[in-house]
Amino acid sequence: MAGSGKAHLRNRSDVLLRVEDLVVEFNTGPGQVVHAVSNISLDVLKGETVGVVGESGCGKSTLGRAILQLPKPTSGSVTYGDTDLTKLGEEEMRRTRRDLQMILQDPISSLNPRRKVRDAVAEGLQVWGTDKRQVSGKVDEVITAVGLRPEVVGSGRPSQFSGGQCQRICIARALILDPKMIICDEPVSALDVSVQAQIINLLDDMKERYGLTLIFIAHDLAVVKNISDRVVVMYLGKICEVGGPDDLFARPMHHYTKLLMDSIPQPQTGVGDAHKWSQDNSAAVDLPSPMSPPSGCRFRTRCPAATSLCAEKEPQLQQVGPDHFVACHFPRGSDGRDAALIPD
Ligand SMILES: Nc1ncnc2c1ncn2[C@@H]1O[C@H](COP(=O)(O)OP(=O)(O)O)[C@@H](O)[C@H]1O
Ligand SMILES: [Mg+2]
């Protein structure tokens, strides 16, 4: 399996969602194709939090949305339980979306400004024709669960609430359907730093309380570090590294993961080393377009370790630790030497 780049998939009964060879392409004009997601394979285990990180434009949101078939992927499969979601019709998919909810980056624009917040929370259940009293009780329950007081939410509209409160409301809106999984697409990126940790902690608490599985998308590695059971690093539509957060942070094997880590602001200076890194590498600032991704390894045009092999041959994900996989011909070693790959 290692040679196929799917070495990181698990043969386990507790796989909740399996994404296999997922491809999403957007036709944006004559002969113009955006390769947003290219052959991504990923397992999400029941009860797991999978962090997905990478720079803006690397395909994180497209991956999250394509799991929910919004839009339907160009090819590949998304297996939830025993069902390949790519094969479902509209109505069947609508039913399945009860289980698979999504929370977006900008909570304020996720809510209709003219609609009472309480109605927005209730909406998901109402469309299923649930009894009014039951809906009302459940609205109170989820609003309380996300740390708001139902009497305060009352008949308020989104503009009366802060960004953090609106994100709590969006979380309540997702929870009301008793989902199995929530895809959180940069849920704290638009919020003040002071409330980011509160929302992250809330999601973690909700996961425990409701037995959820989370996919947590962020462009910032620091955000996913503490809550993820596994972290997936994406670059230009592909996975370049997967690992448990401790191992990944202690031993980043992909040169891109290292670059992302160096971009985490240092407490002393508030500035990461990535700026310096990019000054040292003139190619580093030259971001390739997903319309014409580089041949072989997509990161090679920014990589300090790239050779001609990297242009010729695409590296597949291979195992470098018990739960650690990297797609690189010349992975970094923790001591500066090239790491040895575990053979197939
Ligand atoms: N509906 C769309 N039509 C055309 N291009 C799109 C569309 N959605 C996303 N893209 C492009 O796909 C790439 C990946 O985008 P996205 O998934 O939003 O990245 P991320 O969430 O990592 O910032 C980007 O180049 C983006 O411009
Ligand atoms: Mg995005």
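Residues numbered from 1 in each chain as written. Chains lettered and ligands numbered in written order. Predicted model: local features only at pLDDT ≥ 70, side-chain atom pairs only at ≥ 80, totals over all residues. Heavy atoms only, no water.

*Asks:* Account for the overall build of the protein chain, naming residues and giving values.
*Replies:* In terms of helices and strands, the protein chain carries 13 helices and 12 strands. Of all intrachain contacts in the protein chain linking residues separated by at least 6 positions in sequence, the fraction that spans at least 24 positions is 63%. (Helix = DSSP H or I, 4+ residues; strand = E, 2+ residues; numbered from the N terminus. Contact = heavy atoms within 4.5 Å.)

*Asks:* Which residues make up helix α1 (residues 60-67), and what are the values?
*Replies:* Taking burial as the measure, the eight residues of α1 include six buried ones, the bulk of the element. Taken together, the buried positions of α1 are Lys-60, Thr-62, Leu-63, Gly-64, Ala-66 and Ile-67. Gln-69 sits one or two residues past α1 and shows a positive phi near 65 degrees. (Buried < 20%, exposed > 50% of the residue type's maximum accessible area, 1.4 Å probe, protein only.)

*Asks:* Can you lay out the sheet that holds strand β7 (residues 181-185) for me, pointing to particular residues and giving the numbers?
*Replies:* Backbone hydrogen bonds are what pair the strands of a sheet, in a parallel or an antiparallel way. Judged by pairing direction, the sheet is mixed, and its eight strands sit side by side in the order β6-β7-β8-β3-β9-β10-β12-β11 without closing on themselves. Every other strand in the sheet has two partners, leaving β6 (100-103) and β11 (318-321) as the edge strands with one partner each. Pairs of neighbouring strands in the sheet enclose a mean axial angle of 25 degrees, with direction left out of account. In this fold α1 packs onto β3 (49-53), β6, β7, β8 (213-218) and β9 (230-235), with an angle of close to 155 degrees to the strand it touches most, β8. Where helix α8 (residues 193-210) meets the sheet, its contacts fall on β3, β6, β7 and β8, and the angle it forms with β8 comes to roughly 160 degrees. (Pairing = 2+ DSSP bridges. Axes fitted to C-alpha atoms, helices over the stretch in contact; angles between N-to-C directions.)

*Asks:* I'd like a rundown of the packing of helix α4 (residues 117-126) against helix α7 (residues 163-175), residues and numbers included.
*Replies:* Two elements in contact, α4 and α7, have axes separated by 7 Å at closest approach and are oriented at 30 degrees. What the angle tells us is that α4 and α7 run roughly parallel. For α4 against α7, the interelement crossing comes out right-handed. Contacts from Val-117, Ala-120, Val-121 and Glu-123 in α4 reach Ile-169, Ala-172 and Arg-173 in α7. Across the contact of α4 with α7, the residue classes break down as five nonpolar, no polar and two charged. (Parallel < 35°, antiparallel > 145°, perpendicular 65-115°, else oblique. Left-handed = near helix turned anticlockwise from the far one by under 90°. Nonpolar A, V, L, I, M, F, W, Y, C, P; charged D, E, K, R; others polar.)

*Asks:* Can you explain the nonpolar core? Please cite residues and give values.
*Replies:* With 59 residues, the main nonpolar core has Ile-171, Phe-216 and Leu-221 as its most contacted residues. The greatest single-element share of this core, amounting to seven residues, is contributed by α7. Counting 34 residues, the second-largest nonpolar core is a separate cluster that includes Ala-7, Val-24, Ile-40 and Met-234. (Core = buried A, V, L, I, M, F, W, Y, C linked by side-chain atoms within 4.5 Å.)

*Asks:* Can you lay out the packing of α7 against α8 for me, pointing to particular residues and giving the numbers?
*Replies:* Packed helix pairs are specified by the crossing angle of their axes together with the interaxial distance, meaning the distance between the axes. Between α7 and α8, the least distance of the axes is 10 Å, while the angle of their chain directions is 15 degrees. By the angle between their directions, the pair α7 and α8 is classed as roughly parallel. Like other packed secondary-structure pairs, α7 and α8 cross with a definite hand, here right-handed. For the pair α7 and α8, contact is made by Gly-164, Gln-167, Arg-168, Ile-171 and Leu-175 and by Val-195, Gln-198, Ile-199, Leu-202, Leu-203, Met-206 and Tyr-210, respectively.

*Asks:* I'd like a description of unusual backbone geometry, backed by residues and values.
*Replies:* Leu-70 connects to Pro-71 through a cis peptide bond whose omega is 5 degrees. Positive phi values are uncommon outside glycine, yet Gln-69 reaches one of about 65 degrees. Mapping Gln-69 onto the fold places it in the loop between α1 and β4 (75-80). Phi is positive for Leu-236, close to 45 degrees, though the residue is something other than glycine. Mapped onto the fold, Leu-236 is located in the loop between β9 and β10 (238-243).

*Asks:* Explain the side chain of Glu-186 to me, using residue names and the numbers behind them.
*Replies:* Assignment of secondary structure puts Glu-186 in the loop between β7 and α8. Within the structure, the side chain of Glu-186 is placed 2.7 Å from the side chain of His-219, a separation counted as a polar contact. When residues no more than four places from it in sequence are discounted, the contact partners of Glu-186 are Lys-60, Gln-105, Ile-217, Ala-218 and His-219. (Polar contact = N/O pair within 3.5 Å; in protein donor to acceptor, adjacent residues only side chain to side chain.)

*Asks:* Got a sec to walk through the pairing of β8? Specific residues and values, please.
*Replies:* Of all six residues making up β8, six are buried, and the element is well covered by its neighbours. Burial along β8 is two-sided: the face carrying Thr-213, Ile-215 and Ile-217 and the face carrying Leu-214, Phe-216 and Ala-218 are both buried. Bridging between β3 and β8 involves five bridges; their strand directions are parallel. Looking at β8, one finds that Val-52 is bridged to Ile-217. Note that β7 and β8 share five bridges and pair parallel. Bridge pairing in β8 links Asp-185 to Ile-217. Between β7 and its parallel partner β8, the chain crosses via α8, and the hand of that crossover is right-handed. (Right-handed = clockwise from strand over helix to strand, strands pointing away.)

*Asks:* Describe the site of ligand 1, and please don't skip the residues or the numbers.
*Replies:* Residues in contact with ligand 1 amount to 13 residues; listed here are only the nearest, Gly-57, Gly-59, Lys-60, Ser-61 and Thr-62. A distance of 3.2 Å separates an oxygen atom of ligand 1 from a polar backbone atom of Cys-58. One of the side-chain N or O atoms of Ser-61 is found 2.8 Å from an oxygen atom in ligand 1. Burial of ligand 1 by the protein amounts to 63% of the accessible area it has alone, namely 560 Å². Among the elements of the structure, β1 (15-29), β2 (32-45) and α1 are those that each provide at least two residues to the shell around ligand 1. Tallying contributions element by element places α1 first for the shell around ligand 1, with three residues. Within the shell around ligand 1, the residues separate by chemical class into five nonpolar, six polar and two charged. (Near = heavy atom within 4 Å. Areas by Shrake-Rupley, 256 points an atom, 1.4 Å probe, with all protein chains shown as cover.)

As far as function goes, none of this settles anything; it's purely spatial.
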